[in-house]
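# A closer look at the structure
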Amino acid sequence: MNIKKYFWGLNPQALKEIAKIIKDPEHPKYVERIFVLLSRCDSPKELFALVGKERFVRAWPKIRQYWIKKKQSPDFRAWWETVYEQLSGKTRPLGRSSENLIKLGKILKDKRIRLGWSQSDLARRAGMKQPDISDIELGTKNITLGTLMRLSKILGIDSWSWGNE
């Protein structure tokens, strides 16, 4: 896999340096460079050809922290987090809010179905990925208030009732 696809506009020497960095998890710029790669790559197959699954799993917690600090592309970060969870078998605990997340997901799902939309239809309208919609509807994904407001607007939910929407 050619890293030039993900690190465009760099001279050959800079590309060589990045290739070296992404093979060395101890390098001080490793997390930063992997963050750039992940924010531009949507193919686990291509990523793992460059980085390797085991290295990705070991490095993800630091990459995740860096990504949150950068406040960029949260939906893309969530997608890679799902990849990490599938590979590692680890999921973040939902805590006490899981019952409310399940109720919220059911309300969103019921409204989506009443509109005759698939999860992919809703994801496209919301600028999200279908697996994220699935996780939200199952109550396994904690979402931000901004995401809730966006989904509500798209689905035409004007007010919330924890009974029947």
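Everything discussed here concerns the structure shown above.
Residues numbered from 1 in each chain as written. Predicted model: local features only at pLDDT ≥ 70, side-chain atom pairs only at ≥ 80, totals over all residues. Heavy atoms only, no water.

### Quick look at helix 4 (residues 53-70)
Inclusion rule: Helical segments are the DSSP runs of H or I of at least four residues, strand segments are the runs of E of at least two, and each set is numbered from the N terminus. What a helix should span is 1.5 Å times the count of its residues minus one. At every residue, the bend is computed as the angle between two fitted axes, covering the seven residues ending there and the seven beginning there respectively. To sort residues, take the accessible area from a 1.4 Å probe on protein chains only and compare it with the maximum for the residue type: under 20% means buried, over 50% means exposed, and anything in between is partly exposed. Any two residues having at least one pair of non-hydrogen atoms within 4.5 Å are treated as being in contact.
Over its 18 residues, helix 4 extends 24 Å from the first C-alpha to the last, a length consistent with the 26 Å expected when each residue adds 1.5 Å. At Trp60, helix 4 is bent by approximately 50°, the largest bend along its length, and proline Pro61 sits one to four residues beyond. Buried within helix 4 are the following residues: Phe56, Ala59, Trp60, Ile63, Arg64, Tyr66 and Trp67. Elements that come into contact with the buried residues of helix 4 comprise helix 2 (30-40), helix 3 (44-50) and helix 5 (74-88).

### Things to note about the environment of Ala123
By the element assignment, Ala123 lies in helix 7 (residues 119-126). Taking the C-alpha atoms as reference points, Ala123 and Ile133, separated by ten residues in sequence, lie 6.3 Å from one another. Residues contacting Ala123, with those up to four places away along its chain left out, are Met128, Lys129, Gln130 and Ile133.

### Details of unusual backbone geometry
Even without glycine at this site, Lys71 takes up a positive phi of about 55°. Tracing the sequence through the fold places Lys71 in the loop between helix 4 and helix 5. Owing to a relative accessible area of 75%, Lys71 belongs among the exposed residues under this scheme.

### Description of the environment of Lys111
Along the chain, Lys111 turns up in helix 6 (residues 98-114). Residues within four places of Lys111 in sequence aside, it is in contact with Leu155, Gly156 and Ile157.

### Concerning the side chain of Glu81
Counted only if it meets this: N or O atoms closer than or at 3.5 Å make up a polar contact, with two conditions inside protein: a donor-capable atom paired with an acceptor-capable one, and, for residues adjacent in sequence, both atoms drawn from side chains.
Tracing the backbone through its elements, the reader meets Glu81 in helix 5. When its relative accessible area of 7% is taken as the criterion, Glu81 is described as buried. For Glu81, the side chain forms a polar contact with the side chain of Arg64, separated by 2.6 Å.

### Notes on the packing of helix 6 against helix 9 (residues 145-155)
Operational definition: Between N-to-C directions, angles cover 0 to 180 degrees, with each direction set by a line fitted to C-alpha atoms, over the stretch in contact for helices. Roughly parallel refers to an angle under 35 degrees, roughly antiparallel to one over 145, roughly perpendicular to one between 65 and 115, and oblique to any angle outside these ranges. Note on convention: the crossing is left-handed when the near helix lies turned anticlockwise from the far helix by less than a right angle, right-handed when the turn is clockwise. Residue polarity is assigned by list, with Asp, Glu, Lys and Arg as charged and Ala, Val, Leu, Ile, Met, Phe, Trp, Tyr, Cys and Pro as nonpolar; anything else, Gly included, falls into the polar class.
Relative orientation of the contacting elements helix 6 and helix 9 amounts to 25°, with a least axis distance of 10 Å. Taken together, the axes of helix 6 and helix 9 lie roughly parallel to each other. Here the hand of the crossing between helix 6 and helix 9 comes out left-handed. For the pair helix 6 and helix 9, contact is made by Leu104, Leu108, Lys111 and Arg112 and by Leu148, Leu151 and Leu155, respectively. Of the residues in the contact of helix 6 with helix 9, the class split is five nonpolar, no polar and two charged.

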